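Take a look at the letters that make up each chain.
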Amino acid sequence: MFQGHLFVGAVPLNESPLKDHPLNPMHDSNLVRVLARQSREKIGLANLAAVAHGPASLRARLADLAGQGVAAAIVDAVFDTNLEIIGTVALAHRLSVGASGIGLGLARALVATGQVKSGMTESGANVPVGGPAACLAGSCSQATLQQIAKAEAIMPVLHLDPERVVANGDEARRAVGWARERLMDGPLLIASSATPDEVAALQARHGRDTAGHAIEQAMAEIAEALVQAGVRRLVVAGGETSGAVVDRLGIPGFLVGAEIAAGVPVLRAVGAHAGDMLLALKSGNFGGPEFFSDALRLMR
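Residues numbered from 1 in each chain as written. Predicted model: local features only at pLDDT ≥ 70, side-chain atom pairs only at ≥ 80, totals over all residues. Heavy atoms only, no water.

### Quick word on the overall build of the protein
Right, on to step 1. In terms of helices and strands, the protein carries 13 helices and eleven strands.
Right, on to step 2. Taken against the 2.2 N^0.38 rule, which gives 19 Å for 300 residues, the C-alpha radius of gyration of the protein at 21 Å falls within 12% of a compact globule.
Right, on to step 3. Each of the three principal axes of the protein carries a C-alpha extent, and together these read 60 × 45 × 30 Å.
Right, on to step 4. By residue count, 42% of the 300 residues in the protein fall in the buried class.
Right, on to step 5. By sequence separation, contacts in the protein at least 24 residues apart represent 66% of the contacts at least 6 residues apart.
Right, on to step 6. Summing over all exposed atoms, the protein offers an accessible surface of approximately 14800 Å²; the carbon and sulfur share of this is 54%. (Helix = DSSP H or I, 4+ residues; strand = E, 2+ residues; numbered from the N terminus. Rg over C-alpha atoms; globule rule 2.2 N^0.38 Å. Buried < 20%, exposed > 50% of the residue type's maximum accessible area, 1.4 Å probe, protein only. Contact = heavy atoms within 4.5 Å. Areas by Shrake-Rupley, 256 points an atom, 1.4 Å probe, with all protein chains shown as cover.)

If you want it as structure tokens, here you go:
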């Protein structure tokens, strides 16, 4: 984040593959403008200069914005050190939201202030569970499409027919039957992902919300059936897909374990009806080309 603009690597958000996101196409990289369109209150910016000079500087900038009647501020961050400063300041604020980076800043700030102990849950999160493993991909991002292509070289992959998913429930049942025949032979992948053009055509026929909801619920149904069939290591690609899966499985919380990729850790389910299991939940654009094999290597 720089000058209020969100980047995906070196590319502005609105020029990245997220401009073709099937549910939330992102056509503006300026998050101050984006949030302002959704709020009745004034939105401000705490730029990188205010952050880079340390917590006192950032606090002063936020106080100045509040004095101008600004209700919420977008805060720049380019390096991990910026996130640590933001985390330190955010501890005293009522509400702070963001992507996975703010978790890093808050966690380090909590450790630095003695409110939590470093590594207190990591060992529990990384204890092996064994059992069958499966991967689900609902994201249509270019990154996930590349990850699926790489996975096809090392595991069985079933590509769902999105039209059949939207039309009826047979496609989810077909996928579950296919998976049950293969679970004992090693990891497998079930994907509903499609290219931007295919997604646009599906949405034109059925509507964006209808198509998206049907696919999310189909993937959640498949996940539930796989867990019932014994899967204890589950990798899910796609933000909406991950949310639907977690809701269906009734998982109230996680222990955070080893990092698979930036912003994507191994998670151990806590208090879930599904029992002891490991998950990896990622937004579509996260992770490298070998993400599925990287995740399974850490989820033992």
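### Topic: the packing of aromatic side chains
Right, on to step 1. Taken as a whole and judged by the stated rule, the model has one aromatic pair.
Right, on to step 2. With a centroid separation of 5.9 Å and an interplanar angle of 70 degrees, the aromatic rings of Phe-291 and Phe-292 are classed as edge-to-face. Summarising the burial analysis for this pair, Phe-291 and Phe-292 share the class buried.
Right, on to step 3. Over the aromatic face of Phe-291 sits the side chain of Lys-282, whose NZ or CZ is 5.3 Å from the ring centroid. (Phe/Tyr/Trp six-rings, centres within 6.5 Å; stacked < 30°, edge-to-face > 60°. Lys NZ or Arg CZ within 6 Å of the ring centre and 35° of its normal.)

### Points about a nonpolar patch on the surface
Right, on to step 1. Taken together, Phe-2, Phe-7, Val-78 and Phe-79 make up a surface patch of nonpolar side chains, about 390 Å² in accessible area.
Right, on to step 2. Relative to the helices and strands, Phe-2 is located in the segment before strand 1 (7-8).
Right, on to step 3. On the accessibility criterion, Phe-2 (41% relative accessible area) is partly exposed. (Patch = residues over 30% accessible without salt bridge, like charges linked within 9 Å, V, L, I, M, F, W, Y side chains within 5 Å. Salt bridge = Lys/Arg side-chain N within 4 Å of Asp/Glu carboxyl O.)

### With respect to the packing of helix 4 (residues 80-90) against helix 5 (residues 100-112)
When two helices pack together, their arrangement is given by the angle between the helix axes and the distance between those axes.
Right, on to step 1. It is the contact of helix 4 with helix 5, at a shortest axis distance of 7 Å, that shows an interaxial angle of 65 degrees. Handedness of the crossing formed by helix 4 with helix 5: right-handed. On helix 5, the residues touching Asp-80, Leu-83, Glu-84, Gly-87, Thr-88 and Ala-90 of helix 4 are Gly-101, Ile-102, Leu-104, Gly-105, Leu-106, Arg-108 and Ala-109.
Right, on to step 2. When the residues that make up the contact of helix 4 with helix 5 are grouped by side-chain class, the tally is six nonpolar, four polar and three charged. (Axes fitted to C-alpha atoms, helices over the stretch in contact; angles between N-to-C directions. Left-handed = near helix turned anticlockwise from the far one by under 90°. Nonpolar A, V, L, I, M, F, W, Y, C, P; charged D, E, K, R; others polar.)

### Things to note about the nonpolar core
Here is a general trend for soluble globular proteins: nonpolar side chains tend to be buried in one another's company.
Right, on to step 1. Grouped together as the largest cluster of nonpolar side chains are 38 residues, with contacts concentrated most on Leu-136, Leu-160, Ile-190, Ile-222, Leu-226, Leu-234 and Leu-279.
Right, on to step 2. At ten residues, the largest contribution of residues to this core is made by helix 11 (residues 208-228).
Right, on to step 3. Aside from chain neighbours lying at most four places away, what touches Leu-226 is Ala-134, Leu-136, Ala-179, Leu-183, Ile-190 and Val-231. (Core = buried A, V, L, I, M, F, W, Y, C linked by side-chain atoms within 4.5 Å.)

### Description of unusual backbone geometry
Right, on to step 1. Positioned with a positive phi, Gln-3 is a non-glycine residue whose angle comes to about 55 degrees.
Right, on to step 2. One can find Gln-3 in the segment before strand 1.
Right, on to step 3. A relative accessible area of 38% means that Gln-3 is categorised as partly exposed.

### Observations concerning the packing of helix 3 (residues 55-67) against helix 4
Right, on to step 1. Two elements in contact, helix 3 and helix 4, have axes separated by 9 Å at closest approach and are oriented at 60 degrees. Judged by the inter-axis angle, helix 3 sits oblique to helix 4. The two elements helix 3 and helix 4 cross, and the hand of that crossing is right-handed. On helix 4, the residues that touch Pro-55, Leu-58, Arg-59 and Leu-62 of helix 3 are Ile-85, Ile-86, Thr-88 and Val-89.
Right, on to step 2. Here the residues of the contact of helix 3 with helix 4 are counted per class, giving six nonpolar, one polar and one charged. (Parallel < 35°, antiparallel > 145°, perpendicular 65-115°, else oblique.)

Function-wise, these values are silent; they only describe arrangement.
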